[in-house]
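# Remarks on the overall topology
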Amino acid sequence: MSDLALRLTMAVLGQVFLFVLFAALEHQRRRIGSAALAMTFCATLFFGCVVTAAGLRLPLPGGAYADYGRIVIQLPLLTAFLLVYVVRGVLDSQRLLIGAAAAYMLFLYFAVVVKLQCSFLPESEFRAVVFSLLGEVHEAVNFSAVSNLLAFLTVPMFDSLAARGVRSRFLRAVAALSGAQAVAMLPELALNRIGSGAAAVPPAALQAQALATLLLAAMLAGYLRLLVRDIPDQKAGVFDFLFAFFGSYGRIRELEEDVSSWENRYRLVLQHTAEVVIVSDAAGVVTEANIAAGKIFGGSRRKNLVGSELFSLFVPDRPVTAADAAETPVYFTCTVDVPGRETTVLSASVSPVRLKNQLLLVTVARDITGERRLAREKETLAEQLVHAQRMESLGVLAGGIAHDFNNFIHAILGHADVALMMDRGNAEKVDAHLRKIAVIAEKAGKLTGQLLGFARQGKYHVVDIDVRELLDECVALLDPGRTRGVTIRVGGRSGMTARGDQLQMHQVVMNLLINALDAVENNSGEKLITLETGPAAHAPLAFAPPPDSGPAEEENYLWFAVSDNGSGMDEATMRKVFEPFFTTKPTGQGTGMGLAMVYGTVTHHKGWIQLQSAPGAGTTFCVFLPKAVSQMRTEK
């Protein structure tokens, strides 16, 4: 490689190195601050002025020369200044220019100090040489500083002018850099006009300057395209930069501080709001998320969400895409499943927002998991309240009917007993009818007993009841013919006592056993009925006192359950199973009062009954009763 080619290559590499250095400092300004760029810019500018003052030249083909400092140093500086203006706006470019002016003033200060110190030296050849060099360098630096100042002041003007008719960032950069360099050459042209001895710029130097301008403009356009996506929309007028620089820097600084303050407030509110806020691009890729979003979607670090696909984070209740949200706001409910955590339900909206001609999708979501749970609980409580009110009303009705009906039954039984004690002779038919009256009256009496039990108005003889013994006694009372082919198992330890009426509790267990026998009657396989008892903590169903039962502590209750592997019940049947006169048996085979009596009796004993069943899965009736006081004392 020839010496000329080597020197030209080194010059091009110098240009590229300087621009890449400034671009890297600009790109990393959020991490390292703006001071590094400003200091490097000012130092390079001062060095370029010194190089120009020293007359360092760049050889060109054909024997021509170009100003090394202007092409290799000052042109990359001008491109870097344009980069700052385009990316960061007027105020930051003004600051950079003020820093350059401060560096120039510092040079003038040191030049004056050195010249003043040399004035104290004795008259000599060395003193004369120093004074001559200082004078020449001072003049050359002043000339170079004026040229650079003109270029820096006018490059934003030419960029704004080119933006009116040119959309290509490369062409705008070429126009801005070329125009600013042309203005910077005006002092040199003026000196040539008045014959001050300044050398004219040869055409080869202008061609080299033009090629360097094209190279740097291409690098600037490539940098903006690849690394800078959020470019401010510069709508400033052609001379606004000049007016702002000379007349309103303080006002712009004040406005910038206000904008920064409001931006910090906005970020503070946005990041710490309880609602989920996610910003994504037009394709649905997450670009920003607040703290609440990080917690909802599986972690405390919201940065983990950046780069994720928005609609893969949740499962909406209807199909939603980024294309739908780009047209108009969409509202939906979605669920978020995170391993090891309850499913979260969100009420969400995705809205399109245009910011600096860029389409963004803003997702705002609110956690409604608790609201959904409370709504379900409220609905359950409402159903239980309606059911309790219906039971109460029917209980009052049953009580009135049972009272009047019982009076009639007593009268019938009285007359039947008197007729049986009288001398009836051989009136066998009369005797048979009287006995039939007595049987029917006894059955009617049992019916009224069930009505009174349901109405909670029967007469009770309260004693301590060993629940395990109660279950054994009831199983022993079953008709052997009825239990043929049925396996009945009784479990639980003795000594678990509840306070209640022995007879009424017998009726409760017997009714549950009879229902279980009816349920397994049509089983083709094993027919199994299980009776168990134990403390409430070990119950087969969750301890769930009804709302109207008052405070209930699990350790103060025991349970007994009657389970079968019969046909089971559906939801509609379970809701009505405790209602009086409701039965699933054919007409004439059931009164529908058995389970209603169970419900009333258990409730009167300050307990409750819970039910679990499903079609084909059998049924479990679980009765919870308060422990006897003696039982509680023994346990304590």
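What counts, and where the lines are drawn
Residues numbered from 1 in each chain as written. Predicted model: local features only at pLDDT ≥ 70, side-chain atom pairs only at ≥ 80, totals over all residues. Heavy atoms only, no water. Core = buried A, V, L, I, M, F, W, Y, C linked by side-chain atoms within 4.5 Å. Buried < 20%, exposed > 50% of the residue type's maximum accessible area, 1.4 Å probe, protein only. Helix = DSSP H or I, 4+ residues; strand = E, 2+ residues; numbered from the N terminus. Axes fitted to C-alpha atoms, helices over the stretch in contact; angles between N-to-C directions. Left-handed = near helix turned anticlockwise from the far one by under 90°. Contact = heavy atoms within 4.5 Å. Nonpolar A, V, L, I, M, F, W, Y, C, P; charged D, E, K, R; others polar. Pairing = 2+ DSSP bridges. pLDDT = per-residue confidence, 0-100. Phe/Tyr/Trp six-rings, centres within 6.5 Å; stacked < 30°, edge-to-face > 60°. Lys NZ or Arg CZ within 6 Å of the ring centre and 35° of its normal.

### Focus on the nonpolar core
By size, the foremost hydrophobic cluster in this structure holds 50 residues, and its most contacted members are Phe41, Leu82, Phe152 and Val155. Those elements that place two or more of their residues in this core are α1 (3–27), α3 (35–53), α4 (68–88), α5 (90–118), α6 (125–163), α7 (169–184) and α9 (203–227). If you tally residues by element for this core, the top one is α4, at 14 residues. Within the second largest apolar cluster, 36 residues are counted, among which are Ile465, Ala498, Val520 and Tyr599.

### Remarks on the packing of helix α17 (residues 502–520) against helix α19 (residues 594–604)
Interaxial distance between α17 and α19 falls to 9 Å at its minimum, and their mutual angle equals 145°. Crossing geometry of α17 relative to α19 is assigned as left-handed. In this structure, α17 uses Gln504, Met505, Gln507, Val508, Asn511, Leu512 and Asn515 to contact α19, whose residues at the interface are Gly594, Leu595, Met597, Val598, Thr601 and Val602. Residue composition of the contact of α17 with α19, grouped by class: 7 nonpolar, 6 polar and no charged.

### A look at the sheet that holds strand β7 (residues 344–355)
Sheet architecture is open: 6 strands sit in the order β4-β3-β8-β7-β6-β5, paired in antiparallel fashion. The open sheet has two edge strands with one neighbour each: β4 (286–289) and β5 (315–316). Both β7 and strand β8 (residues 358–367) contribute to a ladder of 10 bridges, which runs antiparallel. Bridge assignment links Arg354 to a residue of β8, and that residue is Leu359.

### As for α19
α19 sits mainly inside the fold: 9 of its 11 residues count as buried. Taken as a whole, α19 has its buried residues at Gly594, Leu595, Ala596, Met597, Val598, Tyr599, Gly600, Thr601 and Val602. One or two residues past the end of α19 sits Lys606, with phi positive at roughly 65°.

### Quick word on the environment of Ser349
Relative to the helices and strands, Ser349 is located in strand β7. Spatially, the C-alpha atom of Ser349 lies 6.8 Å from that of Pro329, the residues being 20 residues apart in sequence. Setting aside residues up to four positions removed in sequence, Ser349 forms contacts with Val330, Tyr331, Val362, Thr363 and Val364.

### Some thoughts on the confidence of the model for the protein chain
Residues with a pLDDT of 70 or more make up 72% of the protein chain, whose mean pLDDT is 77. Of all helices and strands in the protein chain, the one with the weakest mean pLDDT is helix α10 (residues 240–247) (55), whereas strand β15 (residues 619–626) scores best (91).

### Quick look at the pairing of strand β12 (residues 528–535)
Two strands pair when backbone bridges link them, and strand β10 (residues 487–490) and β12 are joined in this way by 4 bridges, in the parallel orientation. Across the sheet, Arg489 pairs through a bridge with Thr530, a residue of β12. Bridging between β12 and strand β13 (residues 557–564) involves 7 bridges; their strand directions are antiparallel. Bridge assignment links Leu531 to a residue of β13, and that residue is Val562.

### A look at the sheet that holds β15
Read across the open sheet, the 5 strands follow the order β10-β12-β13-β15-β14; overall the sheet is mixed. Every other strand in the sheet has two partners, leaving β10 and β14 (608–613) as the edge strands with one partner each. Averaged over all adjacent pairs, the angle separating strand axes in this sheet is 15°, with direction ignored. Note that β13 and β15 share 8 bridges and pair antiparallel. Residue pairing across strands places Tyr557 opposite Pro626, the latter belonging to β15.

### Concerning the packing of aromatic side chains
A full pass over the atoms with the stated rule returns 10 aromatic pairs. For the ring pair Trp608 and Phe624, a centre distance of 5.3 Å and an interplane angle of 20° mean the geometry is stacked. Residue Trp608 is located in strand β14, and its partner Phe624 is located in strand β15; the two are separated by 16 residues in the primary sequence. The pair formed by Trp608 and Phe624 is uniform in burial state, with each residue classed as buried. Taken together, the ring pairs connect Phe22, Phe41, Phe81 and Phe152 into an aromatic cluster. In this structure, Arg57 packs its charged tip against the face of Tyr65, placed 4.1 Å from the ring centre.

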